[in-house]
Amino acid sequence: MEDINILIKQRLEKAEELKKDGHNLFKYNFDKKQSIDEIQNKYKDVKQKESGFAKTAGRIMIKRLHGKSGFADLKDESGEIQLYFRKDFVGDEKFSLFKKLDIGDIVGVEGTLFRTKTNELTIVVKKFDLLTKSFRPLPEKFHGLQDKEIRYRQRYVDLIVNDDVKETFKTRSKILSNIRKYMEENNYIEVETPVLQDIYGGANATPFITKHKTLDKDFYLRISLETYLKRLIVGGFEKVFEIGKVFRNEGIDRQHNPEFTLMEYYAAYNDLFDMMNYTEGMIKYLVKTIGFDSGIIEYDEREIDLSGDWERLSMKKAIEKYADIKIDDKENDKLKNIILREDEKAELDNSSRGELIYRIFELLVEDNLINPTFIIDFPIEVSPLAKKKRDAQKGDFVERFELFMNGWEIANAFSELNDPHDQRERFQKQEKKFVEGNEEAQRMDEDFIRSLEYGMPPTGGVGIGIDRLVMLFTNSKSIKDVIFFPHLKDK
RNA sequence: GGGCCAUUAGCUCAGGUGGUAGAGCAACGCCCUUUUAAGGCGUGGGUCGAAGGUUCAAGUCCUUCAUGGCUCACCA
């Protein structure tokens, strides 16, 4: 303990005294019969007279001493309950132990229940034991812990004192378990694929590089799950999904953490439209099972309506609707001018028409997509893993959708490209961009192409950013609020 | 990376125009057998984020740095 202060010193001295008195400050187990909320529920009708029985354990949050008696609030994962200690009930020795307990100590208690004059259900402690000694003082009872830096760096303290944080992460857990339930009910199987990869792919991003010592070679940390899951479709699995961390070597801000949780799912014999329907169904299932019965989520004083059929718009139509620009009437130079008007520093010399269209969409449309909206028909140049549109008119567009909510991209999906020769050409174009200096361009992946050469059935695939979904469902303003241990700079 | 703001006791926060640091909670001691932001009396606790500079004198003014927050740019 480097930053030893007087408060910690006092607790250490107190611990020494307790040890001298024969107390083990770190007990091995405790037969916790009930959680605190179980006790609260089971005995909610208890009157002032003592009745019932409870045996539970948790952390002491507050003590109020009254001479030969005293109260304390005990907190566990499920809730809080008041404890009442009396010298004549627990005996002199135990009562002096109670007086020595510090806020933060973990105790096991058993006793009967009653209700105080002010109607609070309370355990009359008959037996108790110190299970774990706490050495560091907790934040103040009333204001709690406000300092965001400490909350993120020492999330354990944040979780002890700030109940809403625990709620957010319980919701996160529930979202994940309900997703898994939904996927399994629809016959998807959960799989795991490599995090350490020879060739990263499936997205446009700068990767992290790491080194394998005995092989003496570099590996990339995956930036998506895509190409390995498709290999499994080639291998004969027909519906697979994976939920896992991916890593992108980019900036950190309210919506970006270097490692984040991506879910991808692939279904053989399905196309983009099947996946759109499925995705809408799955998210609506989550909305319902997380408890938004109306289908309306409130985020930052804004309502997002997930009920009803979600809007589907081609990228061009979305640009027409929100920016009043008819793409097909404009030459590339005009498109460039539109972009430069929004972003004077844009470098567009090498940009293809498709890239210009996509850029305009990003600049002028995305922020407007508050209620869930599927954007379809993406330019081929920005979609190297998607199949060309089956009714390809003039212009090169692919079967891809992105789902937007609250102006954020929530999901990204394709009718997966399964023509190995087309795939090779797309990779070659990406590789060229990489050589030209685009760090985020995708790389040639010969083994992936080889797998496609064996034949991958027509397949629909979707990726969902889980953290953002959790942010929406928990009204969290920062991705740091939905990741237990977000990345911060070293102190 | 740019701009703006913040950093004072374990926690939450005060500290006009420079004059040797305060409160509440927490802690420690004493009193108190239904309190709940318990109460009463008393005590201790600070390199004021770091390093320089200006000044007789810096928590306060200046510079640099660190960390965090907001925001813009890039990205999911």
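From a predicted model like this one, the values you see are computed outputs, not experimental measurements.

Draft legend 1. Spotlight on the protein's contact with RNA strand B. Around RNA strand B lies a shell of 56 residues, among which Gln-10, Thr-118, Lys-141, His-256 and Arg-468 are the nearest. Protein-adjacent atoms of RNA strand B, using a 4 Å cutoff, are sugar or phosphate at a proportion of 58%. In the model, a sugar or linking oxygen of RNA strand B is placed 2.8 Å from a nitrogen or oxygen of the Lys-117 side chain. Gln-146 is positioned with one of its backbone polar atoms (N or O) 2.9 Å from a phosphate oxygen of RNA strand B. Those elements that place two or more of their residues in the surface near RNA strand B are helix 1 (6-20), strand 1 (51-65), strand 2 (69-75), strand 3 (80-86) and helix 5 (148-153). The dominant element in the surface near RNA strand B, judged by the number of residues it contributes, is helix 5, at five residues.

Draft legend 2. Spatial organisation of the sheet that holds strand 3. Ordered in space as 1-2-3-5-4, the five strands form a closed barrel in which the pairing is mixed. Recorded for the sheet is a direction-independent mean angle of 55° between the axes of neighbouring strands. Sheet topology places strand 2 next to strand 3; seven bridges connect them, and they run antiparallel. Residue pairing across strands places Gly-70 opposite Phe-85, the latter belonging to strand 3.

Draft legend 3. Spotlight on the pairing of strand 9 (residues 217-221). In the sheet, strand 7 (residues 196-197) pairs with strand 9 via two bridges, with the strands oriented antiparallel. Its bridge partner being in strand 9, Leu-196 is matched across the sheet by Leu-221. Alignment of strand 8 (residues 209-212) against strand 9, held across four bridges, turns out to be antiparallel. By the bridge assignment for strand 9, Thr-210 is matched with Phe-219.

Draft legend 4. Summary view of the UniProt feature "binding site: Mg(2+) 2" (unreviewed entry) in chain A. Mapped onto the present numbering, the UniProt feature "binding site: Mg(2+) 2" (unreviewed entry) falls on Glu-409. Positionally, Glu-409 belongs in strand 17 (residues 408-415). In contact with Glu-409, other than residues within four places in its own chain, are Glu-402, Leu-403, Phe-404 and Arg-468.

Draft legend 5. Inspection of the domain arrangement of chain A at higher detail. Looking at the assigned domains, one finds that chain A contains domain 1 (6-138) and domain 2 (163-310 + 371-481). In this structure, domain 1 and domain 2 have C-alpha centres spaced 48 Å apart.

Draft legend 6. Quick peek at the sheet that holds strand 14 (residues 311-314). The strand order across the open sheet built from eight strands is 6-10-11-18-17-16-15-14, with neighbouring strands paired in mixed fashion. Looking at which strands have only one partner, the edges of the open sheet turn out to be strand 6 (189-190) and strand 14. As defined by bridge partners, strand 6 adjoins strand 10 (residues 239-247) across two bridges and the pair is classed as parallel. Bridge pairing links Glu-190 to Phe-241 in strand 10. With respect to the sheet, helix 7 (residues 163-185) is in contact with strand 6, strand 10 and strand 11 (259-268), its orientation differing from that of strand 10 by roughly 155°. Across the sheet, helix 10 (residues 315-323) lies against strand 14, strand 15 (373-379) and strand 16 (397-405), angled at about 100° from strand 14, the strand it touches most.

Draft legend 7. View of the pattern of salt bridges. Enumeration over the complete set of coordinates arrives at 47 salt bridges. The salt bridge partner of Asp-129 is Lys-27, with a shortest N-O separation of 3.5 Å. Of the two residues, Asp-129 sits in strand 5 (residues 121-132) while Lys-27 sits in the loop between helix 1 and helix 2 (36-42), which places them 102 residues apart along the sequence. A relative accessible area of 24% means that Asp-129 is categorised as partly exposed. Of the charged contacts in the structure, one is a salt bridge between Glu-311 and Lys-321, with a shortest N-O distance of 2.9 Å.

Draft legend 8. Local environment of the UniProt feature "binding site: Mg(2+) 1" (unreviewed entry) in chain A. According to UniProt, the feature "binding site: Mg(2+) 1" (unreviewed entry) maps to Glu-402 and Glu-409 in the numbering used here. The topology assignment puts Glu-402 in strand 16. Judged by relative accessible area, Glu-402 falls into the buried class, the value being 1%. With residues near it in sequence (within four places) discarded, Glu-402 still touches Tyr-358, Thr-373, Phe-374, Ile-375, Phe-378, Glu-409, Ala-411 and Asn-412.

Draft legend 9. Highlighting the environment of Asn-418. Relative to the elements of secondary structure, Asn-418 occurs in the loop between strand 17 and helix 13 (420-435). Looking at Asn-418, the relative accessible area reads 17%, which means it is buried. With 31 residues separating them along the chain, Asn-418 and Ile-449 place their C-alpha atoms 8.9 Å apart. Residues within four places of Asn-418 in sequence aside, it is in contact with Lys-387, Leu-452, Met-456, Pro-457 and Pro-458. In this structure the side chain of Asn-418 is engaged in a polar contact, spanning 2.8 Å, whose partner is the backbone oxygen of Met-456.

Draft legend 10. Layout of the side chain of Asp-158. The topology assignment puts Asp-158 in helix 6 (residues 155-161). The buried category is assigned to Asp-158, whose relative accessible area is 0%. A polar atom in the side chain of Asp-158 sits 2.6 Å from the side chain of Asn-162. Among residues more than four places away in sequence, those in contact with Asp-158 are Leu-145, Arg-151 and Val-165.

Draft legend 11. Expanded view of the packing of aromatic side chains. All told, the structure shown has 21 aromatic pairs when counted by the stated rule. Relative to Phe-128, the ring of Phe-85 lies with its centre 5.0 Å away and its plane at 85°, an arrangement referred to as edge-to-face. Of this pair, Phe-85 sits in strand 3 while Phe-128 sits in strand 5; the two residues are 43 residues apart in sequence, bridging distant segments of the chain. A single burial state applies to Phe-85 and to Phe-128, both of which are buried. Residue placement shows Lys-63 over the ring face of Phe-98; its charged tip is 5.4 Å from the ring centre. The ring of Tyr-299 has Lys-477 sitting right over it, with the charged end atom 5.3 Å from the ring centre.

How each quantity is defined
In this convention, every chain numbers its residues from 1, walking through the sequence in written order. Written order decides the labels, with chains lettered from A and ligands numbered from 1. Thresholds applied to this predicted model are a pLDDT of at least 70 for local features of residues and 80 or more for the giving and counting of side-chain atom pairs; totals over whole chains, interfaces and linings are not thresholded and use all residues. No hydrogens and no water enter the side-chain calculation; it runs on all heavy atoms of the structure. Being near a molecule or strand, for a residue, means having at least one of its heavy atoms within 4 Å of it. As used in this structure description, the phrase polar contact means that two N or O atoms lie within 3.5 Å; if the pair is within protein, one of them must be able to donate a hydrogen and the other to accept it, and residues adjacent in sequence are counted only when both atoms belong to side chains. A run of H or I in DSSP becomes a helix once it reaches four residues, and a run of E becomes a strand once it reaches two; helices and strands are each numbered from the N terminus. Should DSSP find at least two bridges between two strands, the strands are regarded as paired. For helices, the fitted line uses only the C-alpha atoms of the stretch in contact; every axis is such a line through C-alpha atoms, and the angle between N-to-C directions lies from 0 to 180 degrees. UniProt positions are given in the numbering used here, feature names are shortened, and annotations may be inferred rather than shown by experiment. In what follows, a contact means two residues having at least one pair of non-hydrogen atoms within 4.5 Å. Segment limits for the domains were obtained from an automatic or database-derived domain assignment. Between Lys or Arg on one side and Asp or Glu on the other, a salt bridge is scored when a side-chain nitrogen of the former is within 4 Å of a carboxyl oxygen of the latter. Note on exposure labels: buried denotes an accessible area under 20% of the residue type's maximum, exposed denotes more than 50%, and partly exposed covers the range between, all computed with a 1.4 Å probe on protein chains only. Only centres within 6.5 Å qualify two rings of Phe, Tyr or Trp (six-membered ring in Trp) as a pair; their planes then separate them into stacked at under 30 degrees, edge-to-face at over 60, and tilted for everything else. For a Lys NZ or an Arg CZ to count as sitting over a ring, it must be within 6 Å of the ring centre and within 35 degrees of the ring normal.

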